[in-house]
Amino acid sequence: QYQFRVLSANIYGNSEPSEPTGPIQTQELKGVPSAPGQVIATRETDTSVLIQWAPPKEPNNLIGYYIDQCVKGSKDWMSANHKPHNSTKFVVSGLTKGETYVFRVQAINELGLSEESQESAPITVKAALTPPSAPYDISLLSCDGHSMLLTWKKPLLSGGSNIKEYYVDKRRSGTTMWREVHIPPISERVYKVEGLTEGAVYQFQVYAANLAGLGPASKHSDDFACEGWTMPEPGPAYDLSLTEVRDHSMVVEWKKPVYTGSGPVTGYHVEYCKTGTSEWTTATETAVHQRFFKVTGLEEGVNYEFRVRGVNDAGVGMVSMPSDPMTAKALAGSQEVSCTVDKKTGDIVLSFESCVMNQESQFIWKKDYKEITDFSKGVVVKTEGNTSKLIFKNAEKEDFGVYSVSVTNTDGVSSSYGIYSEEMTKMLALSYDIRHPIIPLKAELAYKILERGRVRFWLQAEEISPNVTYKFFANNKELSGADPNKMGHDVSTGIIEFILDHFTEENEGTFTCQITDGGGKAQSSLVLIGDTFKAALSEADYQRREYIRVKEGPHFSEFLSLQVGDDCSVTLVCKVANLKKESEFHWFKEDAEIIPDVKPDLGSGVCKLPIKLKKTNKNKCSQKLLDKFGKKQNFLLLSEQRSQVTRQQISRASAAELVINCTATGIQLQCHMKYYTSEMNITWYHGETKLLHSDKFKIGGTPSMATMEVIEPTEKDQGTYSIVIVDPENSHKRTLNLSGEVYEKAHAEFLQLKMQAYAEKNRGKVVGGLPDVVTIMEKKTLSLTCTVCGDPKPQVSWLKSGGKVQLMNHFSV
């Protein structure tokens, strides 16, 4: 609470103060209300909807609410009330039946309107709910002399809501008093009435109920005598339904008899008649085994009724209750199920487009008129709008059958498609071809003998892409395309080739080329055995001898190679045969000649050149051999890969023993060597387990050592660790036992470094500074702001001209 007074002033000074005011209570300044909470719309009548919502979390002296309405899909919002409504419920009236609306709410106080609430879910204005109509056609399924099993047909009108419950009453024939036979109500349309008197005659009636209440009673049943059934023939089938109604056909479905007689039901007969007549025609020449049948040959526009009789070894059983009448007339715009194989995926797809849909409609797919509920074998249902697809991802031969689909809450929209064994086999073959396309070939695998006795194997595809991959095999063993062999392809011509440098007697057999390009594959084979192989080998030998004859003279018997000495020195070495007195050796690096310190040994033909191997060496060294016959040239490309192999040899010779180096993240093992790169063939092991680079094991190194770090080590990480260095000739191994006292000491050092790093990371630090220039106006407040962070919370001190600011009336922090 505060009091106030006023002084006036002129050039001579201030006046006496006025009398103070009385105590005044301050209040927190309020704004407009926050937006109302979730809006829920429910159907009220066929022209109104009940809207409910949660009040705003910050009402701020709320006065009331305004409700807006809008037709779904438009942006034309209209106010539903013209003055604030003070309740969180409101009935919006004057709506159009069948139209779909969305609603939103705003709160209001003296300062104005809040933001709009979120929109409600769309709701379609429908007729108000009413109780269902009466069930009908009560029939008897079996009787044992003490109980009766009843069934009935569901009401024709559901009242706008699903039927939840049925109530059954009974009475003795000839009496007027009805009695309930069960409490609580039942949900199915089959019920067993217990505790009946043997020999007595009963009548029954049924009520149905939905959310709106209990509907009227059905017409009472015929007189049913409580006498045990003993006939050997089956009792009646029941629950007949009619689907796939067309101009000249429709499908009848039913449930099997409860009373089977003296043996199991082995088949069924289907009968039909025109409504209003009693001339029943048998539609099945012989009994059918399934519980569905398509009746054909009907007259368009005529009403028909159907009934079913079960059959067992004793004969034909009791007739079912007739179906409701149905007109043989296709629904306008009705479509049929189509069946195709997807050209991209190879999936078998059944597709159906419904001509009629409403908000509650659902597609029900069946196989042999049993609903499909098991989707674990790659069967998928996808529905978009008024189209539904049944997709077979992994179809099998056993999947043939009759597939049907029906649309709920419509006037019987349904269709079916029969996939029989022969058609399924054809579709599976087409699916396989789509999923495993074949690359067409212009020319199958062939061969040609080249100079020096080399053999070129080649084939030609109709078309290949730059991403094509291929492999060549000889007698099921893959051939390498590395020197001296060669492998390549030409996208423009589609030719793929492999040149085999050494063709010998061991090559007799079958040569194969396998091609993969995108999803397509191809394979071609060439058989070289017997006389065919001998002719090819003879031609290759002739070409090889002819090449040597023409090229006779000094030649390199051993081409340039790298040798690593025990002292880790690296030397380029080659050997020449058939030397002459006048032969000369010349070393070159690229185009610059090198004069070696060591002269070649003309007696042995061995020539050496010591080199220093750099971290990366892509230079090409060559050697020319000159004599009176001309010159020969030998090249060695010091590529990164070749340098890597050599450095591995050096590293193997110079690798030191493993040492431990602890870090803030783990325990690191180090192996010092003269050369190290990450491309070297080096492998780390924990016991016999090969270690890979991961969040747990960090494998790397520096130019002078290889490293492996165990991140956040635990007791489980104890054991023997080793590094294995492999070169083309052999391997070398270094081992360290990280267990017991060695592990405990290293683990303690790791924990200490981790704590130090954590403390440094969380040390308080200034992340925002004071302004460089501050303009201070007299009699004005200066606010200097600096942001700091840290855990634990840092202590902050303010300084002025190097001295600590004294917190008095003049300063506040």
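Basis of the calculations
Residues numbered from 1 in each chain as written. Predicted model: local features only at pLDDT ≥ 70, side-chain atom pairs only at ≥ 80, totals over all residues. Heavy atoms only, no water. Helix = DSSP H or I, 4+ residues; strand = E, 2+ residues; numbered from the N terminus. Contact = heavy atoms within 4.5 Å. Areas by Shrake-Rupley, 256 points an atom, 1.4 Å probe, with all protein chains shown as cover. Pairing = 2+ DSSP bridges. Buried < 20%, exposed > 50% of the residue type's maximum accessible area, 1.4 Å probe, protein only. Polar contact = N/O pair within 3.5 Å; in protein donor to acceptor, adjacent residues only side chain to side chain. Salt bridge = Lys/Arg side-chain N within 4 Å of Asp/Glu carboxyl O. Phe/Tyr/Trp six-rings, centres within 6.5 Å; stacked < 30°, edge-to-face > 60°. Lys NZ or Arg CZ within 6 Å of the ring centre and 35° of its normal. Patch = residues over 30% accessible without salt bridge, like charges linked within 9 Å, V, L, I, M, F, W, Y side chains within 5 Å. Lys, Arg positive; Asp, Glu negative; His and termini not counted. Charge placed at Lys NZ, Arg CZ, Asp CG, Glu CD. Axes fitted to C-alpha atoms, helices over the stretch in contact; angles between N-to-C directions. Expected span 1.5 Å × (residues − 1). Arc of directions from axis to C-beta. 1 Å grid on protein atoms, 1.4 Å probe; cavity = no way out; pocket = protein on both sides within 12 Å on 5 of 7 lines; lining within 4 Å. Points joined across faces, edges and corners; volume = space filled by probe spheres on them. Nonpolar A, V, L, I, M, F, W, Y, C, P; charged D, E, K, R; others polar. Domains from an automatic or database assignment.

- Under an unreviewed UniProt entry, the protein has the name Myomesin 2 and belongs to Tetraodon nigroviridis.

### Thoughts on the overall build of the protein
Part 1 of the reasoning: Scanning the protein from N- to C-terminus turns up four helices and 61 strands.
Part 2 of the reasoning: For the protein, the proportion of contacts with a sequence separation of at least 24, taken over those separated by at least 6, is 61%.
Part 3 of the reasoning: Summed over all atoms, the accessible surface of the protein reaches about 49000 Å², with 50% contributed by carbon and sulfur.

### With respect to the sheet that holds strand β37 (residues 469–474)
Part 1 of the reasoning: In spatial order, the strands read β38-β37-β41-β42; together these four strands make up an open sheet with antiparallel pairing. Every interior strand has two partners, whereas the edge strands, β38 (477–478) and β42 (520–528), have only one.
Part 2 of the reasoning: Alignment of strand β41 (residues 509–517) against β42, held across nine bridges, turns out to be antiparallel. Each bridged residue has a counterpart across the sheet, and for Thr 512 the counterpart in β42 is Ser 525.

### Concerning the environment of Gln 514
Part 1 of the reasoning: Topologically, Gln 514 is positioned in strand β41.
Part 2 of the reasoning: When its relative accessible area of 34% is taken as the criterion, Gln 514 is described as partly exposed.
Part 3 of the reasoning: In this structure the C-alpha to C-alpha distance between Gln 514 and Ser 524, which are ten residues apart in sequence, comes to 6.8 Å.
Part 4 of the reasoning: Not counting residues within four places of it along the chain, the set of residues in contact with Gln 514 comprises Thr 469, Tyr 470, Lys 471, Phe 473, Ala 522 and Gln 523.
Part 5 of the reasoning: At 3.1 Å, the side chain of Gln 514 forms a polar contact with the side chain of Gln 523.

### So, the side chain of Asp 501
Part 1 of the reasoning: You can see Asp 501 is positioned in the loop between β40 (495–500) and β41.
Part 2 of the reasoning: We classify Asp 501 as buried; its relative accessible area is 8%.
Part 3 of the reasoning: A polar contact of 3.0 Å, which involves the side chain of Asp 501, links it to the side chain of His 502.
Part 4 of the reasoning: Sequence-distant contacts of Asp 501, that is, excluding residues within four places in its chain, are made with Arg 452, Gly 453, Arg 454, Pro 484 and Asn 485.

### Section: the pairing of strand β44 (residues 570–577)
Each regular strand displays side chains that alternate between the two surfaces of the sheet.
Part 1 of the reasoning: β44 sits mainly inside the fold: six of its eight residues count as buried.
Part 2 of the reasoning: The pairing of β44 with strand β47 (residues 606–611) spans six bridges and is antiparallel. Opposite Val 573, over in β47, you have Lys 608 as the bridge partner.

### Some details on the pattern of salt bridges
Part 1 of the reasoning: This structure, assessed with the given rule, holds 22 salt bridges.
Part 2 of the reasoning: In this structure, Lys 153 and Asp 324 form a salt bridge, with 3.2 Å as the shortest nitrogen-oxygen distance. Note that Lys 153 is positioned in strand β12 (residues 148–153) and Asp 324 in the loop between β25 (315–319) and β26 (326–327), a separation of 171 residues in sequence.
Part 3 of the reasoning: Given the relative accessible area of 16%, Lys 153 is considered buried.
Part 4 of the reasoning: Under the relative-accessibility criterion, Asp 324 is labelled partly exposed at 30%.
Part 5 of the reasoning: A salt bridge links Glu 497 to Arg 456, with the nearest nitrogen and oxygen atoms 2.5 Å apart. Placement of Glu 497 in strand β40 and of Arg 456 in strand β36 (residues 455–461) is noted, with a sequence separation of 41 residues between them.

### What about the packing of aromatic side chains?
The geometry of an aromatic ring pair is captured by the separation of the ring centres together with the interplanar angle, meaning the angle of the planes.
Part 1 of the reasoning: On inspection of all chains with the given rule, the structure shows 17 aromatic pairs.
Part 2 of the reasoning: Relative to Tyr 259, the ring of Trp 229 has its centre 5.6 Å away and its plane inclined at 90°; by these criteria the two rings are edge-to-face. Of this pair, Trp 229 sits in the loop between β18 (224–225) and β19 (238–243) while Tyr 259 sits in the loop between β20 (249–255) and β21 (267–274), and the two are 30 residues apart along the sequence. For the residue pair Trp 229 and Tyr 259, the accessibility class agrees, reading buried in each case.
Part 3 of the reasoning: Members of the aromatic cluster, connected to one another through ring pairs, are Tyr 202, Phe 204 and Phe 224.
Part 4 of the reasoning: Above the face of the Trp 77 ring, Arg 104 is positioned so that its terminal group lies 4.0 Å from the ring centre.
Part 5 of the reasoning: One cation-aromatic arrangement involves Arg 307 over Trp 280; the distance from NZ or CZ to the ring centre is 4.1 Å.

### Structural notes on a negative patch on the surface
Part 1 of the reasoning: The grouping of Asp 144, Glu 194, Glu 198 and Glu 227 at the surface amounts to a negative patch.
Part 2 of the reasoning: By the secondary structure assignment, Glu 198 is in the loop between β15 (190–193) and β16 (201–210).

### A short note on the sheet that holds strand β39 (residues 486–490)
Part 1 of the reasoning: Spatially, the four strands line up as an open sheet ordered β35-β36-β40-β39, and their pairing is antiparallel. On the outer flanks of this sheet lie β35 (441–449) and β39, each paired with one strand and no other. Along the sheet, successive strands turn relative to each other by an average axial angle of 10°, direction set aside.

### A look at the pairing of strand β4 (residues 49–53)
Part 1 of the reasoning: By the criterion of burial, β4 is predominantly enclosed, with four of the five residues buried.
Part 2 of the reasoning: In this structure, strand β3 (residues 39–43) lies alongside β4, joined through five bridges in antiparallel fashion. Bridging across to β4, Val 39 finds its partner in Trp 53.
Part 3 of the reasoning: Here β3 folds back onto β4 in antiparallel fashion, the turn holding five residues.
Part 4 of the reasoning: Of the strand pairs in this sheet, β4 and strand β7 (residues 89–92) are connected by four bridges, and their pairing is antiparallel. Across the sheet, Leu 50 pairs through a bridge with Val 91, a residue of β7.

### Concerning helix α4 (residues 740–761)
Part 1 of the reasoning: Taking 1.5 Å per residue as the helical rise, α4 with its 22 residues ought to reach 32 Å, and the 31 Å between its terminal C-alpha atoms agrees with that figure.
Part 2 of the reasoning: Of all the positions in α4, only Tyr 743, Ala 746 and Phe 750 are classed as buried. Take α4 and look down its axis: the buried residues cluster within an arc of 70°, on one side only. In α4, those exposed residues whose orientation departs by more than 90 degrees from the buried face are Glu 741, Glu 744, Lys 745 and Met 755.
Part 3 of the reasoning: Packed against the buried residues of α4 are β50 (659–662), β51 (666–672) and β57 (731–738).

### Overview of a nonpolar patch on the surface
Part 1 of the reasoning: There is a patch of nonpolar side chains on the surface, built from Tyr 2, Phe 4 and Ile 24 and spanning about 330 Å² of accessible area.
Part 2 of the reasoning: Looking at the element boundaries, Phe 4 is found in the segment before β1 (9–10).
Part 3 of the reasoning: Residue class for Phe 4 comes out partly exposed when judged on its relative accessible area of 47%.

### Details of empty space enclosed by the protein
Part 1 of the reasoning: Inspection of the entire model under this criterion finds one cavity of 30 Å³ or more.
Part 2 of the reasoning: As a volume, the largest cavity reaches approximately 100 Å³.
Part 3 of the reasoning: Every residue lining the largest cavity is counted, 13 residues in all, and those nearest its centre are Lys 153, Tyr 238, Asp 239, Leu 240 and Met 321.
Part 4 of the reasoning: Elements with a contribution of two residues or more to the lining of the largest cavity: β11 (136–143), β12 and β19.
Part 5 of the reasoning: Split by residue class, the lining of the largest cavity holds six nonpolar, three polar and four charged.
Part 6 of the reasoning: Inspection of the lining of the largest cavity shows a minimum of three residues originating in each of domain 2 (136–230) and domain 3 (238–328).

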